[in-house]
Amino acid sequence: MRTVFVNGEYLKENEANISIFDRGFLFGDAVYEVTAVLGGKLAEFDNHMNRLKRSLGELDMALEMDKDSLLAMHRELVVRNNIEEGAIYLQISRGAADRDFLFPSDETPTTIVAFTQEKSLIDTPLAKRGMKVNLVEDLRWQRSDIKTVQLLYSSLMKSRAHKAGADDVWLARDGMVTEGSSNNAYIVTYDGEIITRPLSTDILHGITRQSLLSYIQKEGLKLTERAFSIEEAKAAKEAFVTSASAFVIGVISIDGEAIGDGKVGSMTKALREIYINETLKALI
Ligand code: PDD
């Protein structure tokens, strides 16, 4: 049984509780981060905590733990749960108050919850096989740059895609791909150009994206940050996604149409290797 963190305490998962009035539960009034654990250490921790601060700031919510305490807490969860490889989920909600659209007073403490998920990240069947994605309209709220727990639309779309035999969805607005249900989206053209949508309120500012783009630049590969269309995606040589738990995973078909030769592409494989190697070097 896991040990989880709730508001400063480490508890067995079946003894951990939060209020039914918690605003994360009633309003989706909460933000989160997912940090990968590799070899019992944390990947990209500072970057995740910087984004957490930004998400909270965008929602006028306070961060009631400093970065050192958050780091100590993440490490404590890794140790107590003996996690070698997996992820730490951290969620901060605006706390518990009687149901009201109006935010509670600033004195209401936030609810801080964290738990571990043990799973293979490096050696996974999906990384080898590649993902099949279906395209759906991006009907999420238009602040996808804030990492809120309002994930119902993406969760519904992914679940329906699964029933239809796909692994995930790519979301598109006005015919242009925004991102995946829980990852950033990229294509590689037959000229070897890597294309991904630029940062805006339309997409989550992925930590994996940020690091991967810097490695791509260091390698001197061709990179363009611009929106790409559904047609371009289907005509691409390769496609892939990035996230903290997937790293870099190939997309082998879109709406049932094979991308390139229908296998994980060579650029995708190389970028996955580069990302994993660089990340392993910088664990804390
Ligand atoms: N998802 N876009 C969306 C909508 C996401 O939910 C995520 C992350 C990403 C990739 O961001 P990062 O590289 O920082 O993980 C992009 C996490 C992993 C999740 O919800 O489980």
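The coordinates are above.
Residues numbered from 1 in each chain as written. Predicted model: local features only at pLDDT ≥ 70, side-chain atom pairs only at ≥ 80, totals over all residues. Heavy atoms only, no water.

1. A word on the overall build of the protein chain
- A count of helices and strands for the protein chain gives eight helices and 15 strands.
- What you see for the protein chain is a C-alpha radius of gyration of 19 Å, in line with the 19 Å of a compact globule of 284 residues.
- C-alpha atoms of the protein chain, sized along the principal axes, occupy 55 × 40 × 35 Å.
- Burial status across the protein chain gives 51% buried among its 284 residues.
- When contacts within the protein chain are restricted to residue pairs at least 6 apart in sequence, those whose partners lie at least 24 apart make up 71%.
- For the protein chain, the exposed area adds up to about 13500 Å²; of that, 51% sits on carbon and sulfur atoms.
- Separation of charge centres in the protein chain, based on 34 positive and 42 negative side chains, amounts to 4 Å. (Helix = DSSP H or I, 4+ residues; strand = E, 2+ residues; numbered from the N terminus. Rg over C-alpha atoms; globule rule 2.2 N^0.38 Å. Buried < 20%, exposed > 50% of the residue type's maximum accessible area, 1.4 Å probe, protein only. Contact = heavy atoms within 4.5 Å. Areas by Shrake-Rupley, 256 points an atom, 1.4 Å probe, with all protein chains shown as cover. Lys, Arg positive; Asp, Glu negative; His and termini not counted. Charge placed at Lys NZ, Arg CZ, Asp CG, Glu CD.)

2. Observations concerning the pattern of salt bridges
- For the structure shown, the criterion picks out 21 salt bridges.
- With a closest N to O distance of 2.9 Å, Asp 167 and Arg 129 form a salt bridge. Here Asp 167, found in the loop between helix H5 (152-163) and strand S8 (168-173), pairs with Arg 129, found in helix H4 (residues 125-129); they are 38 residues apart in sequence, far enough to count as distant.
- Under the relative-accessibility criterion, Asp 167 is labelled buried at 12%. (Salt bridge = Lys/Arg side-chain N within 4 Å of Asp/Glu carboxyl O.)

3. Considering the nonpolar core
- Ranked by internal contacts, the top residues of the largest apolar core, which has 23 residues, are Leu 52, Leu 70, Met 73, Leu 90 and Ile 92.
- If you list the elements that add at least two residues to this core, you get strand S3 (30-38), helix H2 (45-58), helix H3 (67-80), strand S5 (86-93) and strand S6 (111-118).
- Not counting residues up to four positions away in its chain, the partners in contact with Ile 92 are Asp 29, Ala 30, Val 31, Leu 52, Leu 56, Met 61, Leu 63, Thr 110, Thr 111 and Ile 112.
- The next biggest cluster of nonpolar side chains, apart from the first, holds 21 residues, and it includes Ala 127, Leu 135, Val 241 and Ile 249. (Core = buried A, V, L, I, M, F, W, Y, C linked by side-chain atoms within 4.5 Å.)

4. A few points about a nonpolar patch on the surface
- Nonpolar side chains collect at one region of the surface, where Ile 20, Phe 21 and Phe 25 lie side by side and expose about 360 Å² of accessible area between them.
- On the secondary structure map, Phe 21 appears in the loop between strand S2 (9-12) and helix H1 (23-27).
- We classify Phe 21 as partly exposed; its relative accessible area is 40%. (Patch = residues over 30% accessible without salt bridge, like charges linked within 9 Å, V, L, I, M, F, W, Y side chains within 5 Å.)

5. Some thoughts on the packing of helix H6 (residues 207-218) against helix H8 (residues 266-281)
- Orientation of H6 relative to H8, taken along the N-to-C sense of each, is 110 degrees, at an axis distance of 10 Å. Between H6 and H8, the interaxial angle falls into the category roughly perpendicular. Packed against H6, whose contacting residues are Thr 208, Ser 211, Leu 212, Tyr 215, Ile 216 and Lys 218, the element H8 presents Leu 271, Ile 274, Tyr 275 and Glu 278 at the interface. (Axes fitted to C-alpha atoms, helices over the stretch in contact; angles between N-to-C directions. Parallel < 35°, antiparallel > 145°, perpendicular 65-115°, else oblique.)

6. Things to note about H2
- Its 14 residues place the ends of H2 20 Å apart at the C-alpha level, agreeing with the 20 Å of an ideal helix rising 1.5 Å per residue.
- Listed in full, the buried residues belonging to H2 are Phe 45, His 48, Met 49, Arg 51, Leu 52, Ser 55 and Leu 56. Across the axial projection of H2, the buried residues extend over an arc of 160 degrees, all falling on one side.
- As for H2, its buried residues are in contact with S3, strand S4 (41-42), H3, S5 and H6.
- Of the residues trailing H2, Asp 60 is marked for its positive phi of about 55 degrees. (Expected span 1.5 Å × (residues − 1). Arc of directions from axis to C-beta.)

Any functional reading would require information that these geometric values do not contain.
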